Amino acid sequence: MAAQKPTLPKGTRDFGPADVQKRKHILNAIEKVFKKYGFMPLETPTMENLSTLEGKYGEEGDKLLFRILDSGDYLKSLKEHNDKILSDESQDATFAPSVSGKLIDLDSKAATKFISEKGLRYDLTVPFARYVVMHRNEITFPFKRYQMQPVWRADRPQKGRYREFWQCDADVVGVVGSDSLLNELDLIQIYDEAFTKLGIINYEIRINNRKVLAGIAEVVKSIDVMNNIAVAIDKLDKIGEDGVRKELGEQGFSDEELNTLFGIITIKGENKEILNQLKDKLKSSHEGLKGIEELEFILTSNPKPNINLTLDFSLARGLSYYTGCIFEVTSNDGTLKSSIGGGGRYDNLTGIFGLPNVSGVGISFGLDRIYDVMEELKLFPAQLRATSTQVLFCHFDEATLLYCLPALKLLRDAGIAAEVFPDNKKLGKQLDYANALQIPFAAIAGETEMQQQVFTVKNLITGEQQTCTIQTLIGLVGQ
RNA sequence: GUGGUUUUAGCUCAGCUGGUUAGAGCGCCUGAUUGUGGUUCAGGAGGUCGUGGGUUCGAGCCCCAUAUUCCACCCCA
């Protein structure tokens with residue numbers, strides 16, 4: 001049999017030792033900040049019931065869910081259902097017999113619910129909401145949790161877009177009424193601290209409020225058209241004002257309505273100035289004014305005013321559960337234009353699961369995109385290596401190999417990562433290995449060294465070499 | 001879901017209008033140097049050209065299908 005070439009599913013990647021080190025570097029930095037702000041870790045299963053996932057991400061999101069085929073005879077219930085319909089001719093269902101009477105025209109969307117009941121998680125927020133509802137009696141509110149796990153989307157891969165990627169989420173849920181905007185302020189600080197720590201200095205947090213979007217829709221036409229407006233103006237910088245006018249015009253917006261819309265979203269100036277003007281324009285919308293008030297509070301109470309917070313009324317964010325402030329973070333340096341983080345307030349996510357009056361707000365870091373940005377900008381510290389080994393023991397034969405072993409243990413006992421070259425190979429090969437893995441020190445043991453109870457220690461970065469005892473070696477490396 | 005693009009040695013890529021035995025650089029292996037890597041020199045191994053069909057006397061090159069890469073749209077971290 002011909003050997004088959006191994007392949008990877010579309011949109012997934014392997015991560016070698018060096019990659020994992022870099023990814024952990026990012027995860028560690030973010031986790032540290034999360035903990036500092038009082039968030040505690042949570043992990044949820046890779047798969048959720050489709051009933052949990054479906055309908056939470058809009059029509060588009062449902063299409064991108066990875067569904068898991070039921071185990072066992074997964075066609076059984078579908079067949080039974082089909083037989084039932086075939087035997088009852090009066091019934092006009094999704095499954096219609098074809099002309100031949102043998103083949104059945106299956107609607108794959110309708111068939112899905114018969115053969116699949118589980119799916120891979122699409123984000124971390126919905127599983128979190130599910131968790132909160134299921135464990136409401138054990139949780140002390142406000143509940144602050146962070147979660148760093150992979151999620152899956154059946155998207156077409158492209159720049160910065162993968163089918164399997166990691167999100168790092170921090171969310172706060174509490175009872176409505178005590179839903180302080182201080183949470184939003186904290187989350188903004190978290191973004192700032194984490195990105196600064198990682199060296200992504202030139203980033204931008206764009207901020208908007210769903211209530212403002214609702215207010216705009218109300219003033220322009222009616223609150224029902226909020227989504228239409230949001231989707232259209234989200235493309236403003238891509239297709240321009242004319243493009244947006246055309247798109248909305250086709251949806252039945254009058255010129256007058258569009259003039260009102262552009263009168264609002266083209267307000268220019270300082271954040272404060274924009275809000276003042278907006279207040280005037282949205283004065284007839286209670287909802288809109290509430291949104292402005294929230295934005296105003298966040299902008300004026302921000303304890304670190306030099307954070308790059310930009311008001312952007314064209315920011316919509318697709319996930320349909322947001323109700324208040326929404327954020328999106330992008331890096332201004334590098335070629336990745338899509339967001340490396342995002343989040344917002346969702347006041348009623350748990351309501352769908354039968355737990356009303358719980359408000360939540362959260363943010364997400366996109367590990368893989370942060371990685372891409374940092375790789376491009378060369379922001380990873382040089383000391384991130386493929387191995388943590390500090391010292392490689394090199395030897396020439398059985399006797400010198402055995403001589404290395406007690407010294408190896410002493411180094412490890414002293415907390416220094418060390419290893420001995422396991423095979424009997426030429427010294428050059430052993431140093432090649434150390435070199436390839438960027439191990440900084442080689443401790444060479446030959447006849448002479450063994451007799452004198454020392455090692456020849458070579459610094460592989462500088463090329464310098466000295467003879468020293470094991471204790472001196474520990475001191476040398478340990479510093 | 002729509003449109004485009006890529007696939008040839010371990011890696012990055014050449015390969016003319018279809019023509020005999022498919023090339024380069026890097027890497028790898030061996031040696032110069034039987035105890036010194038990252039420099040130098042000499043030699044060597046390694047490819048059924050993504051896969052399956054088709055056209056042709058003849059296909060890496062043309063046609064069809066399929067997978068895959070990357071990119072844009074949609075949407076999103």
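Residues numbered from 1 in each chain as written. Chains lettered and ligands numbered in written order. Predicted model: local features only at pLDDT ≥ 70, side-chain atom pairs only at ≥ 80, totals over all residues. Heavy atoms only, no water.

**Structural notes on the overall build of chain A**
Phase 1: On a plain count of helices and strands, chain A comes out with 18 helices and 18 strands.
Phase 2: Radius of gyration (C-alpha) of chain A: 30 Å, far over the 23 Å computed for a compact globule of 479 residues.
Phase 3: Taking all 479 residues of chain A together, 46% fall into the buried category.
Phase 4: In chain A, the share of contacts with a sequence separation of at least 24, taken over all contacts with a separation of at least 6, comes to 69%.
Phase 5: About 24800 Å² of surface is accessible on chain A, with carbon and sulfur atoms providing 52% of the total.
Phase 6: Side chains of chain A give 57 positive and 66 negative charges; the mean places of these two sets differ by 3 Å. (Helix = DSSP H or I, 4+ residues; strand = E, 2+ residues; numbered from the N terminus. Rg over C-alpha atoms; globule rule 2.2 N^0.38 Å. Buried < 20%, exposed > 50% of the residue type's maximum accessible area, 1.4 Å probe, protein only. Contact = heavy atoms within 4.5 Å. Areas by Shrake-Rupley, 256 points an atom, 1.4 Å probe, with all protein chains shown as cover. Lys, Arg positive; Asp, Glu negative; His and termini not counted. Charge placed at Lys NZ, Arg CZ, Asp CG, Glu CD.)

**Structural notes on the packing of helix α7 (residues 182-198) against helix α13 (residues 286-301)**
Two packed helices can be described by the angle between their axes and the distance between those axes.
Phase 1: Contact pair α7 / α13: the axes reach a minimum separation of 10 Å and the direction vectors enclose 50°. On the basis of their axis angle, the class for α7 and α13 is oblique. Pair α7 / α13 crosses with right-handed handedness. Counted together, Leu182, Glu184, Leu185 and Ile188 of α7 and Phe297, Ile298 and Ser301 of α13 form the full contact between these two elements.
Phase 2: Its residues assigned to classes, the contact of α7 with α13 comprises 5 nonpolar, 1 polar and 1 charged. (Axes fitted to C-alpha atoms, helices over the stretch in contact; angles between N-to-C directions. Parallel < 35°, antiparallel > 145°, perpendicular 65-115°, else oblique. Left-handed = near helix turned anticlockwise from the far one by under 90°. Nonpolar A, V, L, I, M, F, W, Y, C, P; charged D, E, K, R; others polar.)

**Focus: the nonpolar core**
Phase 1: Leu261, Phe365 and Ile370 are the most contacted members of the largest nonpolar core, which has 73 residues in total.
Phase 2: Element by element, the count of residues in this core is highest for α7, at 8 residues.
Phase 3: In this structure Leu261 touches Ile216, Val220, Ile229, Ile233 and Leu248, once residues within four positions along its chain are discounted.
Phase 4: Ranked by size, the runner-up nonpolar core spans 24 residues in total, among them Tyr122, Val132, Phe143 and Tyr322. (Core = buried A, V, L, I, M, F, W, Y, C linked by side-chain atoms within 4.5 Å.)

**Topic: the domain arrangement of chain A**
Where the parts come together, the accessible area they lose is often given as the size of the interface.
Phase 1: Domain assignment breaks chain A into domain 1 (17-66 + 120-377), domain 2 (72-114) and domain 3 (391-477).
Phase 2: Averaged C-alpha coordinates put domain 1 and domain 3 at centres separated by 53 Å. (Domains from an automatic or database assignment.)

**Looking at the environment of Asn348**
Phase 1: Structurally, Asn348 is set in the loop between β12 (341-346) and β13 (358-366).
Phase 2: Asn348 sits 219 residues away from Ala129 along the chain, and the two C-alpha atoms are 9.7 Å apart.
Phase 3: Not counting chain neighbours up to four residues away, the residues in contact with Asn348 comprise Pro356, Asn357 and Val358.

**Let's talk about the side chain of Thr389**
Phase 1: Among the structural elements, Thr389 can be located in the loop between α14 (367-376) and β14 (391-394).
Phase 2: Since its relative accessible area comes to 8%, Thr389 is described here as buried.
Phase 3: There is a polar contact of 2.7 Å between the side chain of Thr389 and the side chain of Glu419.
Phase 4: When sequence neighbours within four positions are dropped, the list of residues in contact with Thr389 reads Ala417, Ala418, Glu419, Ile439 and Pro440. (Polar contact = N/O pair within 3.5 Å; in protein donor to acceptor, adjacent residues only side chain to side chain.)

**A short note on the sheet that holds strand β3 (residues 67-69)**
Phase 1: Pairing is antiparallel in the open sheet, where 3 strands are placed in the order β2-β6-β3. Sheet topology places β2 (47-49) and β3 at the edges, where each strand pairs with a single neighbour. Direction aside, the axes of adjacent strands within the sheet are offset by 45° on average.
Phase 2: Pairing between β3 and strand β6 (residues 116-120): 3 bridges, direction antiparallel. From the neighbouring strand, Ile68 faces β6, where its bridge partner is Lys118.
Phase 3: Against the sheet, helix α5 (residues 108-115) contacts β3 and β6, and its axis sits at roughly 95° relative to β6. (Pairing = 2+ DSSP bridges.)

**Digging into the packing of aromatic side chains**
Phase 1: Per the stated rule, a full pass over the model turns up 16 aromatic pairs.
Phase 2: Each ring, one from Phe195 and one from Phe365, has its centre 5.3 Å from the other, and the planes form 45°; the classification is tilted. Of the two residues, Phe195 is situated in helix α7 and Phe365 in strand β13; the sequence distance between them amounts to 170 residues. Here Phe195 and Phe365 have matching classes, each one buried.
Phase 3: Between Phe421 and Tyr433 the ring centres are 5.4 Å apart and the planes differ by 80°, which places this aromatic pair in the edge-to-face class. With Phe421 in the loop between β15 (418-420) and α16 (427-436) and Tyr433 in helix α16, the pair connects residues that are 12 residues apart, well separated along the chain.
Phase 4: We classify Phe421 as buried; its relative accessible area is 7%. (Phe/Tyr/Trp six-rings, centres within 6.5 Å; stacked < 30°, edge-to-face > 60°.)

**Some points on the pattern of salt bridges**
Note that side chains of opposite charge can pair when their charged atoms are close.
Phase 1: Across all of its chains, the model carries 22 salt bridges by this definition.
Phase 2: With its nearest N and O atoms 3.2 Å apart, the salt bridge here joins Lys22 to Glu375. Highlighted residues: Lys22 in helix α1 (residues 17-36) and Glu375 in helix α14, separated in sequence by 353 residues.
Phase 3: Accessibility expressed as a relative area gives 18% for Lys22, which makes it buried.
Phase 4: Measuring nitrogen to oxygen at the nearest pair gives 2.5 Å for the salt bridge that ties Asp192 to Lys304. One end of the pair, Asp192, is in helix α7; the other, Lys304, is in the loop between α13 and β10 (309-311), and 112 residues separate them in sequence.
Phase 5: On the basis of relative accessible area, Asp192 is assigned to the buried category, the value being 7%.
Phase 6: Salt bridges here are not isolated pairs; linked through shared partners, they connect Arg13, Arg23 and Asp368. (Salt bridge = Lys/Arg side-chain N within 4 Å of Asp/Glu carboxyl O.)

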